[in-house]
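# Analysis of the macromolecular model
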Amino acid sequence: MPSPIRFIMIGGFLGAGKTTLISQLARRFQAEGKHVCVVTNDQAAGLVDTELLRSQGLEVNEVAGSCFCCNFHGLTGAMEEFESRQRPDVILAEPVGSCTDLIATISLPMMEQMGERFLHSPYAVVLKPSHGLKILSGEGKGGFSQKAEYIFRKQLEESEIILINRIDELTAEQVATLREQLSEQYPGRQIICLSAKTGENLDALWETLAAEASSREATMEVDYDVYADGEAELGWLNATVSVTAAKAISIDQLAQQLVDRLRQAMLRVQAEPAHLKILCSSGSHVAVANLVSSDTPTMLSIASDAEAESLSVIINARVCLDPEALTGMVRDTLDAMASDSGLTIQVDSIESFRPGRPEPTFRVQQ
């Protein structure tokens, strides 16, 4: 009987840095000679994360149209499809950033139904500092309503490991404050401070993930009415766009300028972004720019250092805003950018909606 496939699920709120961390972990496993596959997840097709990871040479399957918990067979089917080509040694799974209750709806059903086929690593949840500093302190709002914050907190509650990410962007005092608040509010969790971007302290996580997940004596309680209302407060938009310029333009600058313009549009209507991620590409050249909250700057997380005349753009926006208003904002921003910059911009596809009520395929209670 072959050795079990190591299954590592990395949770955390929208914009926490899960994709960057998964990319780092995948490269480490590959350096050890392991065959690594990744399953991404989104409420709709056209995910920046999927294309980004594929552009880095990773084998990726995407479960689109619902979260893992509501499409358990979609997740297991994606993993079985990997095995039909080449059996993975490791599968890294990234659930939708607005999902929680994943131990009861994914991990435990997998353990029950698939037995020894998979070896489960401890469940790690990536903390998003920009909202965590506000939510954990209880001082003012974290940019979201109490119902959306409920999801944020439930993600931390079900974790075995909490990862304070982006420490390269935080002061030592902020890191210490987060550690103290997490230790008080979520006792018993291992807390690791790291930077998925720079790789700082990734060794500590690497060692922890080599262990097995703990047995769960009890699953956490979740109010699915509050959970559903919290998700429904977010407008969800995925779009693909074609850009043509009269002469070669910077791919990196285009990605940053588009995020900056959308940021200003959101500020004007006081719409809090949970995450805005834009991927611009031309051939093998890829740039990714992000915005993770209203009070953090635009970040160029992946630089192409290249120019091009024709570019493809993927926009993923998760914003506390009505979906129709979000669609209008994106279209108006693209029109203004085309007019100001002399670019030809064509929207190839655009979809916006509010996530529906979570209805798990399975839920193990113990």
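From a predicted model like this one, the values you see are computed outputs, not experimental measurements.

Okay, unusual backbone geometry next. In the Ramachandran plot, arginine 166 falls in the positive-phi region, its phi being about 65° despite a non-glycine side chain. As for its position among the elements, arginine 166 is in the loop between β7 (161–164) and α7 (172–185).

Here serine 293 shows up in the loop between β11 (285–291) and β12 (299–302). A C-alpha to C-alpha distance of 8.3 Å links serine 293 and glycine 15, two positions 278 residues apart in sequence. The contacts of serine 293, once residues within four sequence positions are left out, are Ser130, His131, Arg263, Glu272 and Pro273. There is a polar contact of 2.8 Å between the side chain of serine 293 and the side chain of aspartate 295. There is a polar contact of 3.0 Å between the side chain of serine 293 and the side chain of threonine 296.

Okay, the side chain of threonine 208 next. Mapping threonine 208 onto the fold places it in helix α8 (residues 202–209). A polar contact of 3.2 Å, which involves the side chain of threonine 208, links it to the side chain of glutamine 190. Excluding residues that lie within four positions of it along the chain, threonine 208 makes contacts with Pro122, Ile161, Gln190 and Ile192.

With that settled, the discussion passes to empty space enclosed by the protein. Under the counting rule described, the total for this entry stands at two cavities of 30 Å³ or more. Volume-wise, the largest cavity comes out at about 110 Å³. Ile103, Ser107, Ser121, Tyr123 and Ala213 are the residues nearest the centre of the largest cavity, which is lined by 15 residues in total. Secondary structure elements with two or more residues in the lining of the largest cavity: β1 (5–12) and α4 (102–114). Here the lining of the largest cavity gets four residues from one element, more than from any other, and that element is α4.

Next up on the list: the sheet that holds strand β13 (residues 307–319). A sheet is described by the order of its strands in space; here six strands give the open sequence β12-β11-β10-β13-β9-β14, paired in antiparallel fashion. With partners counted over all chains shown, the strands left at the sheet margins are β12 and β14 (344–353), one partner each. Across the sheet, the mean angle from the axis of one strand to that of its neighbour is 20°, orientation sign disregarded. Of the strands in this sheet, β10 (273–282), β11, β12 and β13 touch helix α2 (residues 48–55), which is tilted by about 45° from β10.

Glancing now at α7. Relative to the 20 Å expected for 14 residues at 1.5 Å per residue, α7 spans 20 Å between its end C-alpha atoms, a close match to the ideal helical length. Those residues of α7 not exposed but buried are Val175, Leu178, Gln181 and Leu182. Viewed end-on, α7 has its buried residues packed into an arc of 135°, placing them on one side of the element. Pointing more than 90 degrees away from the buried face of α7 are the exposed residues Ala172, Glu173 and Glu184. Here the buried face of α7 lies against β6 (124–127), α5 (129–137), α6 (146–157), β7 and β8 (190–193).

Once that is clear, we can look at the pattern of salt bridges. Close approach of charged atoms allows side chains of opposite charge to pair. The full count for this structure, using the stated rule, is 18 salt bridges. Across the pair glutamate 83 and arginine 117 runs a salt bridge, and its minimum N-O distance is 2.8 Å. With glutamate 83 in helix α3 (residues 72–85) and arginine 117 in the loop between α4 and β5 (118–120), this residue pair connects regions lying 34 residues apart in the sequence. Residue classification places glutamate 83 among the partly exposed positions, given a relative accessible area of 26%. The class of arginine 117 is partly exposed, set by a relative accessible area of 32%. A salt bridge links aspartate 225 to arginine 357, with the shortest nitrogen-to-oxygen separation between them at 2.9 Å. Of the two residues, aspartate 225 is situated in helix α9 (residues 224–232) and arginine 357 in the segment after β14; the sequence distance between them amounts to 132 residues. Aspartate 225 sits in the partly exposed class, given a relative accessible area of 46%.

What counts, and where the lines are drawn
Every chain begins its residue count from 1, and numbering advances along the sequence as written. Where totals are concerned, whole chains, interfaces and linings use all residues; where local detail is concerned, this predicted model gives features only for residues with pLDDT of at least 70, and gives and counts side-chain atom pairs only at 80 or more. Excluding hydrogens and water, the side-chain values take into account all heavy atoms of the structure. Note on conventions: DSSP H or I runs of at least 4 residues are helices, E runs of at least 2 residues are strands, and numbering of each starts at the N terminus. In this description, contact between two residues means that some pair of their heavy atoms is separated by no more than 4.5 Å. We define a polar contact as two N or O atoms separated by no more than 3.5 Å, with the added condition that, inside protein, one atom must be a possible hydrogen donor and the other a possible acceptor, whereas residues neighbouring each other in sequence contribute only through side-chain atom pairs. Here a cavity is any set of points on a 1 Å grid over the protein atoms alone where a 1.4 Å probe fits but cannot get out, and a pocket is any open set with protein on both sides within 12 Å along at least 5 of 7 lines; a residue lines the site when it has an atom within 4 Å of a point. Grid points are joined across faces, edges and corners, and a volume is the space filled by probe spheres set on the points. Pairing between two strands requires that DSSP report at least two bridges joining them. Working convention: axes come from line fits to C-alpha atoms, limited for helices to the stretch in contact. Angles between N-to-C directions cover 0 to 180 degrees. Helix span, expected: 1.5 Å multiplied by one less than the number of residues in the helix. Buried, partly exposed and exposed residues are distinguished by accessible area as a fraction of the type maximum, computed with a 1.4 Å probe on protein chains only: under 20%, between the cut-offs, and over 50%, respectively. Each direction from the helix axis to a C-beta atom contributes to the arc, which is the arc of those directions. Here, a salt bridge means any Lys or Arg side-chain nitrogen found within 4 Å of an Asp or Glu carboxyl oxygen.

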